[in-house]
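What follows is the residue order along each chain.
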Amino acid sequence: MAGATADKLNQAESNILEKHREYLAEAKPKEDLLALNQAALARFETLGFPHRKHEMYTVVNTTEMVSTDFALTREGPVEAQAVQSHIYSGCEKSCLVLVDGKLSSTLSDTSAFGDSLKVSSLVDALSDASLKQYILETIENENDVFACINSSFFNSGVFLDVEDKTVLETPLQILHFSTGSKEAPVTTHPRVLIRVGAHAEMKLIIKYAGQSGNYFVNSVQDILLGENASMTYTQVQNDHADAWHYSKTRAELKRDSRFRATNASSGCKLARHHYDLFIKEPGAELELNGISVLDDEEQVHNFIRIHHEAPHCNSSQKFKNVVSGNSRSSIDGTVIVNQGAQLTNSDQLINNLMLSDGAHSDNKPNLMIFADDVKCTHGTTVGQIEEEQLFYLKTRGLTAEVAKALLTKSFAESIIQLIQFPAVVKELGNTLLRKLEA
Amino acid sequence: MLVIKDLHASVDGTEIIKGISLTVNKGEVHAIMGPNGSGKSTLAKIISGHPQYEATAGEVTFEGKNLLEMDPEDRALAGIFMGFQYPVEIPGVNNAEFLRMAYNARLIRDGKEELDPLDFDELLDEKMETLGMEKKYKERNLNEGFSGGEKKKNEILQMSILEPKLAILDETDSGLDIDALKVVANGVNKLRNEDNALILITHYQRLLDYIKPDKVHVISQGKIVKSGEKDLALELEAQGYDWLTPTS
């Protein structure tokens with residue numbers, strides 16, 4: 001069996017190299033971009049596709065996915081109405097729509113920001129040497145083979161620049177819309193780089209949705225937070241059930257900056273969120289919360305690395321998973337407190353609610369501490385619905401179904417309520433929480 | 001209304017109730033007293049249908065229906081309310097919202113229109129004012145972080161909203177300071193009328209200074225060892241339970 005898997009992986013890697021030759025011939029990336037694409041492909045060849053014992057993938061089986069012959073990105077026909085239904089109320093004039101990874105100027109509207117938000121092509125932004133250097137460094141240090149594939153193939157993408165002291169009151173929504181394909185599986189590589197200047201503030205909602213399934217959306221987000229900058233970062237994974245979803249979020253936090261992230265996932269064939277978050281300078285604060293509500297064969301996996309590289313910083317994580325059917329969730333989260341990151345405060349808590357015998361959840365909260373004056377906690381719980389709570393609600397006349405739904409909802413709700421955007425909270429009530437009413 | 005005949009009940013295979021018979025009629029208040037571990041709470045749990053408590057013999061009927069065959073929620077909808085000795089904390093469920101769901105459960109069962117949040121809020125405010133409860137109870141999550149007294153008051157609030165035919169209060173008076181006890185007694189006395197009935201399970205005679213029972217029963221080692229009028233409670237207060245406990 002091991003030999004068969006190795007053969008499959010070798011074949012899959014050859015496919016990627018072959019596809020990359022096709023891509024270079026078709027897209028003909030210009031010099032700046034070509035250098036990045038090629039550096040990333042070299043990195044891909046070094047990393048290779050993960051086998052089951054790979055540290056990052058011990059509980060995530062990607063063999064079937066990487067063996068799928070995904071066609072290269074191409075823009076499918078898109079119904080404007082299907083896209084608009086995913087734009088949150090309040091974001092009609094503050095939204096960027098990427099269809100299959102490409103910014104759609106007709107579907108996007110950022111008039112709410114006037115000149116305060118600069119939106120440009122990420123490829124054009126490579127003329128800024130510091131940005132190009134930053135991306136090159138992330139590629140050379142990349143440890144995630146799927147993010148590497150994104151870097152090898154991306155040839156569009158968006159660069160958002162919020163200048164120093166600019167406060168964007170209105171939230172910006174980015175919609176990653178995948179048209180999918182009825183015939184053969186397709187893959188897209190959306191990419192966004194955001195620079196929030198010193199003392200600037202931005203609220204961002206990224207939503208992932210799809211039209212007809214059978215797609216692999218492999219996105220990368222880079223976020224650079226300047227001194228005392230602030231970002232609220234909400235990801236809503238609401239892809240077609242018949243889809244694969246990978247996202248990598250990399251963020252760098254400068255002095256006194258604040259990054260407040262929440263992820264709400266409804267799962268798909270295989271969804272994986274990778275967070276690589278670097279606290280670079282003193283006084284920064286980071287919050288990362290997540291909720292997954294899964295049923296049937298759905299999967300959501302979180303891989304989190306928080307790097308404390310400076311003293312006097314805080315990080316906190318709260319994750320909850322509700323798993324039923326034969327669904328699977330996992331959280332592999334490590335907080336690394338580097339030497340010199342004294343007086344770090346870090347908390348991590350993962351709670352799981354298991355609603356069926358077939359559901360599966362793997363959790364690995366982890367701490368690596370190389371400083372001696374820090375306060376760190378981590379923990380995980382796994383449980384079913386508590387009989388005493390259920391009985392209490394029944395004695396008040398609630399049926400078993402209603403009582404169970406109320407208890408599971410209340411479990412999930414505590415994370416959803418942390419999201420600051422009422423339209424998102426409302427939508428999750430209708431999508432994520434609705435799944436618990438069955 | 002409630003008829004219990006030669007009830008035997010056990011939990012985890014241990015027999016706790018060893019033959020209890022009791023009849024509670026409309027308009028009556030019964031106090032059930034007894035030492036710790038005598039089976040008082042087990043009786044309450046059997047009547048409300050706790051899954052871990054099993055009636056092994058005898059029968060319990062409520063308005064002629066076999067109660068033991070009914071699910072806890074059906075018993076509740078039939079008009080039975082149990083005030084818990086240790087009310088359960090349910091984080092994430094808003095108290096006012098929960099109260100409205102419980103209130104509407106019966107309306108839904110009867111195919112009637114549910115009360116909307118605004119109308120229910122009026123009803124809730126009115127009930128809370130009569131009980132002398134602060135508004136904060138509405139905003140908080142169900143029993144989460146409540147003190148012992150707050151939890152018991154919240155039970156009484158639920159009872160006054162649901163207006164049951166038969167309420168069983170399981171040591172609702174335990175651990176209360178006098179002000180909270182007055183709220184509880186006040187709630188009970190407001191609910192009392194000719195058509196409903198009440199079983200007060202208590203360890204202390206003090207509650208009976210505020211709620212006058214029609215009958216007092218003493219349970220010991222799973223049996224009713226003495227029944228009488230309200231004076232019995234005073235006797236118990238003066239003499240303790242020892243004189244009633246069967247010597248083995």
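Cut-offs and rules
- Residue indices follow the written sequence of each chain, beginning from 1 at its first position.
- All chains are assigned letters beginning with A, and all ligands numbers beginning with 1, in the order in which they are written.
- Residue-level local features of this predicted model are given only where pLDDT is at least 70; pairs of side-chain atoms are given and counted only at 80 or more, and the full residue set underlies all totals for whole chains, interfaces and linings.
- The criterion for strand pairing is that DSSP finds at least two bridges linking the strands in question.
- Numbering of helices and strands runs from the N terminus; a helix is a DSSP stretch of H or I covering at least four residues, while a strand is a stretch of E covering at least two.
- Here a residue counts as buried when 20 or more other C-beta atoms sit within 10 Å of its C-beta, as exposed when there are 12 or fewer, and as partly exposed otherwise, the C-beta atoms being derived from the backbone.
- Among buried residues, those of type Ala, Val, Leu, Ile, Met, Phe, Trp, Tyr and Cys that are joined through C-beta atoms within 7 Å form a set called a nonpolar core.
- Where each domain begins and ends is defined by an automated method or by a domain database.
- Whether two residues are in contact depends on their C-beta atoms, placed from the backbone: they are in contact if these lie within 7 Å.
- Given a helix with a known number of residues, its expected span is that number minus one, times 1.5 Å.

Draft legend 1. Local environment of the sheet that holds strand E10 (residues 230-237) of chain A. Residue and element names in this part refer to chain A. With respect to topology, ten strands assemble into an open sheet ordered E2-E1-E5-E8-E10-E12-E14-E16-E18-E20, the strand pairing being mixed. Each end of this open sheet is capped by a strand with a single partner; those strands are strand E2 (102-103) and strand E20 (375-383). Two elements, strand E18 (residues 345-354) and E20, share nine bridges in a ladder whose sense is parallel. Counterpart to Ser 346 in the pairing with E20 is Cys 376.

Draft legend 2. Up close: unusual backbone geometry. Its identity as a non-glycine residue notwithstanding, A:His199 has a phi of 60°, on the positive side. Note on A:His199: 17 C-beta atoms within 10 Å, which makes it partly exposed. Positive phi, normally seen in glycine, also occurs at B:Glu171, with a value near 50°. Note that B:Glu171 resides in the loop between strand E7 (166-170) and helix H7 (178-191).

Draft legend 3. Seen up close, the nonpolar core. In terms of nonpolar packing, the biggest core is built from 181 residues, with A:Leu98, A:Val196, A:Leu225, A:Met231, A:Ala412, B:Ile168 and B:Leu200 touching the most fellow members. Residue-level mapping places this core at the junction of two domains, with at least three residues from each of domain 1 (74-384) and domain 2 (385-438) of chain A. Other than its neighbours up to four places away in sequence, B:Leu200 contacts B:Val29, B:Ala31, B:Ile32, B:Leu169, B:Leu207, B:Ile211 and B:Pro213.

Draft legend 4. Here's a closer look at the pairing of strand E9 (residues 215-220) of chain B. All names here are of chain B. For E9, the buried fraction is high: five of the six residues fall into the buried class. By the bridge criterion, five bridges tie E9 to strand E10 (residues 223-228) in an arrangement that is antiparallel. The residue bridging Ile 219 from the neighbouring strand is Ile 224, located in E10. Hairpin geometry of E9 and E10 is characterised by an intervening segment of two residues between the two adjacent antiparallel strands and by a positive phi of about 45° at Gln 221.

Draft legend 5. The arrangement of helix H3 (residues 95-109) of chain B in detail. Residue and element names in this part refer to chain B. Over its 15 residues, H3 extends 22 Å from the first C-alpha to the last, a length consistent with the 21 Å expected when each residue adds 1.5 Å. Looking at H3, one finds that the buried residues are Asn 95, Phe 98, Leu 99, Arg 100, Met 101, Tyr 103 and Ala 105. Just beyond H3, the residue with positive phi is Gly 111, at close to 70°.

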